[in-house]
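# Structural features, examined
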Amino acid sequence: MTPAPAPDLQRSSALTQFILAPNPGPMSLDGTNSYVVRAPASQAAVVVDPGPLDEAHLQALAAAGPVELILITHRHADHTAGSARLHELTGAPVRAALPGHCHGGGALLSDGEEIHAAGVEIRVAATPGHTSDSVCFHLPGDGSQGSVLTGDTILGRGTTMLDYPDGTLGDYLASLDRLEALGPATVLPAHGPVLPSLVETARAYRSHRLERLEQIRAALDSLGRDAAAGDVAAVVYSDVDPSVRRAAETSVAAQLHYLRGGPPQQ
């Protein structure tokens, strides 16, 4: 049997390339974009979001190195499942915002931290909302406007879900404000295509969330103020595919929590 060809390394910005993981689906779109970050003069590389536990994919990431550091944007398995194996293949430490996803002595990521690796400055920005541990990685030297690896906080197509109760809408709106303040940087999402302007995308995301809140208010006026998330989702998201219905209900629960003035989740 002829072995499958190695996954392609594709250029996404001046300082980044990515390999698309073979895990397409309703939530992961075309699959997870696993990014390889390095300065043009550097042989070493940083990998962001190794993706699923797929050997061919991880071998291709390892071959793009030598990999000196592995970074995780958030805890979901389509970003983290391959991280321990990539550490085995490369010896590179894995750093994340949660200790359970750090491997090989990798330290926890901290908000505002500046990482210097593979000839690149990487600034860590905590952006909770999709999940409580979500972070983005700002590359200020990537082209004239910089770039931001946004994980699932901003996608290349559509909008992200809020994994309530771990992720909350109040946190998410604050994270959009923080990202907008970074200006017209290139958006490097974990799913979907690269986008040209972070400030425009963050504004569009905020507008979408506020429109959904108005739709949910209208649904509550009809169904009653104590209506359950599933009933509200059936009205507000009546046209969504059944494969993403649970995600819609979870996002509605986050928005109901916000409208009802619930306390931040711990």
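In the block above lies the structure referred to throughout.
Because the structure is a prediction, the values reported are computed rather than measured.

Once that is clear, we can look at the overall build of the protein. Each helix and strand in the protein was counted, giving 7 helices and 11 strands. For 266 residues, the compact-globule formula gives about 18 Å, and the C-alpha radius of gyration of the protein, at 19 Å, lands near that figure. Each principal axis of the C-alpha atoms in the protein carries an extent, and together these give about 60 × 45 × 30 Å. Sequence separation of at least 24 residues holds for 56% of the intrachain contacts in the protein that already meet a minimum separation of 6. On the protein, roughly 11400 Å² of surface is accessible, and the fraction owed to carbon and sulfur atoms is 53%. Between the averaged position of the 17 positive side-chain charges in the protein and that of its 29 negative side-chain charges there is a distance of 3 Å.

Our next topic: the nonpolar core. Within the largest apolar cluster, 21 residues are counted, with the highest numbers of intra-cluster contacts made by V46, V48, L71, I115, I122, F137 and L149. Elements that contribute at least two residues to this core include exactly β3 (33-37), β4 (45-48), β5 (67-71), β7 (114-117), β8 (120-126) and β9 (135-139). Those residues within four positions of F137 in sequence are excluded, and the remaining contacts are V48, L71, I72, T73, L109, I122, R123, V124, S147, V148 and L149.

Glancing now at the side chain of S13. Note on placement: S13 falls in strand β1 (residues 10-13). Contacts of S13, omitting those with residues within four sequence positions, involve D142 and L188.

Residues A45 and V47 line one face of β4 and the alternating positions V46 and V48 line the opposite face, and both faces are buried. Of the strand pairs in this sheet, β4 and β5 are connected by 4 bridges, and their pairing is parallel. Its bridge partner lying in β5, V47 is registered against I70. Following the chain from β4 across helix α1 (residues 55-63) to the adjacent parallel β5, one finds a crossover that is right-handed.

Moving on to the pattern of salt bridges. All told, the structure shown has 15 salt bridges when counted by the stated rule. Salt-bridge contacts for R225 lead to D221; the nearest nitrogen and oxygen are separated by 2.9 Å. Residues E249 and R245 are paired through a salt bridge, measuring 3.3 Å at the closest nitrogen-oxygen approach. Here E249 pairs with R245, and both are found in helix α7 (residues 245-259), just 4 residues apart, close to one helical turn. Overall, the relative accessible area of 28% leaves E249 in the partly exposed class. Residues participating in the shared-partner salt-bridge network are D177, E180, R203 and R206.

Its 15 residues give α7 an end-to-end C-alpha distance of 21 Å, which sits within 8% of 21 Å, the value for a rise of 1.5 Å per residue. For α7, the complete set of buried residues consists of A247, A248, T250, S251, V252, A253, A254, Q255, L256 and H257. Where the residues of α7 are buried, they touch α4 (169-180), α5 (198-223) and α6 (229-236). Positive phi shows up at G261, right after α7, with a value of about 70 degrees.

About the criteria used
- Residues numbered from 1 in each chain as written.
- Predicted model: local features only at pLDDT ≥ 70, side-chain atom pairs only at ≥ 80, totals over all residues.
- Heavy atoms only, no water.
- Helix = DSSP H or I, 4+ residues; strand = E, 2+ residues; numbered from the N terminus.
- Rg over C-alpha atoms; globule rule 2.2 N^0.38 Å.
- Contact = heavy atoms within 4.5 Å.
- Areas by Shrake-Rupley, 256 points an atom, 1.4 Å probe, with all protein chains shown as cover.
- Lys, Arg positive; Asp, Glu negative; His and termini not counted.
- Charge placed at Lys NZ, Arg CZ, Asp CG, Glu CD.
- Core = buried A, V, L, I, M, F, W, Y, C linked by side-chain atoms within 4.5 Å.
- Buried < 20%, exposed > 50% of the residue type's maximum accessible area, 1.4 Å probe, protein only.
- Pairing = 2+ DSSP bridges.
- Right-handed = clockwise from strand over helix to strand, strands pointing away.
- Salt bridge = Lys/Arg side-chain N within 4 Å of Asp/Glu carboxyl O.
- Expected span 1.5 Å × (residues − 1).

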